[in-house]
Amino acid sequence: QVQLVESGGGLVQAGGSLRLSCAASGIIFSINGMGWYRQAPGKQRELVAITTSGGRTNYADSVKGRFTISRDNAKNTVYLQMNSLKPEDTAVYYCNADVRTAREYSLLTYWGQGTQVTVSS
């Protein structure tokens, strides 16, 4: 079984910074993509940033240039450095990972429980 646990959320003022962490644990053969998604009240969950084990990254246009996703493969951990935060960044942020638990198993998607990020004006 695989678990993803996020940490690092909190309350910051506009223009501030926050760093989120997500550690994957359990039976893991390999992890392909890891990423961050967010969901604001009344809105659908949306992609924030993703990264592959090979280091390729992709960002939502709304966060490009402000957020940076990084990954420590040895620790099965993904990070999201958030700078120049805006009130519209307020949301619950969820960690996501596509994981193989054995060589011949298909990739399965796992989600963390979410961590709240609130940006005040």
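Since this is a predicted model, take the numbers as computed values, not measurements.

Engineer: What is the right way to look at the packing of aromatic side chains in this model?
Structural biologist: Two descriptors summarise a pair of aromatic rings, namely the distance from one centre to the other and the angle between the planes of the rings. Under the definition given, this model contains 1 aromatic pair. Ring centres of Tyr37 and Trp111 lie 5.0 Å apart, and the angle between their planes is 65°; on these two criteria the pair is classed as edge-to-face. Remark: Trp111 occurs in strand 10 (residues 108-111) and Tyr37 occurs in strand 4 (residues 30-39); sequence separation between them is 74 residues. Given a relative accessible area of 37%, Trp111 falls into the partly exposed group. The ring of Trp111 has Arg45 lying over it, and the distance from NZ or CZ to the ring centre is 4.7 Å.

Engineer: I'm lost on the pattern of salt bridges in this one. Help?
Structural biologist: Two side chains bearing opposite charge may form a pair once their charged atoms approach each other closely. Taken as a whole and judged by the stated rule, the model has 4 salt bridges. Between Arg38 and Asp89 there is a salt bridge; the shortest N-O distance is 3.0 Å. On the criterion of sequence distance, the pair formed by Arg38 in strand 4 and Asp89 in the loop between strand 8 (77-82) and strand 9 (91-100) is long-range, its members being 51 residues apart. Note that Asp61 and Lys64 form a salt bridge whose closest N and O atoms lie 3.4 Å from each other. We classify Asp61 as exposed; its relative accessible area is 66%. Overlapping salt bridges, with partners in common, bring together Arg38, Glu46, Arg66 and Asp89 in one network.

Engineer: Just to check I follow, could you spell out the pairing of strand 7 (residues 67-72) for this structure?
Structural biologist: The two faces of the sheet receive side chains in turn, since in a regular strand these alternate between them. Residues Phe67, Ile69 and Arg71 of strand 7 are buried on one face, while the alternating residues Thr68, Ser70 and Asp72, pointing to the opposite face, are not. As paired elements, strand 7 and strand 8 share 6 bridges and run antiparallel to each other. What sits directly across from Ser70, in strand 8, is Tyr79. In textbook terms, the turn of a hairpin is the stretch between consecutive antiparallel strands, and for strand 7 and strand 8 this stretch comprises 4 residues, one of which, Asn76, has a positive phi near 50°.

How each quantity is defined
- Residues numbered from 1 in each chain as written.
- Predicted model: local features only at pLDDT ≥ 70, side-chain atom pairs only at ≥ 80, totals over all residues.
- Heavy atoms only, no water.
- Phe/Tyr/Trp six-rings, centres within 6.5 Å; stacked < 30°, edge-to-face > 60°.
- Helix = DSSP H or I, 4+ residues; strand = E, 2+ residues; numbered from the N terminus.
- Buried < 20%, exposed > 50% of the residue type's maximum accessible area, 1.4 Å probe, protein only.
- Lys NZ or Arg CZ within 6 Å of the ring centre and 35° of its normal.
- Salt bridge = Lys/Arg side-chain N within 4 Å of Asp/Glu carboxyl O.
- Pairing = 2+ DSSP bridges.

This is a description of form; function is not addressed.
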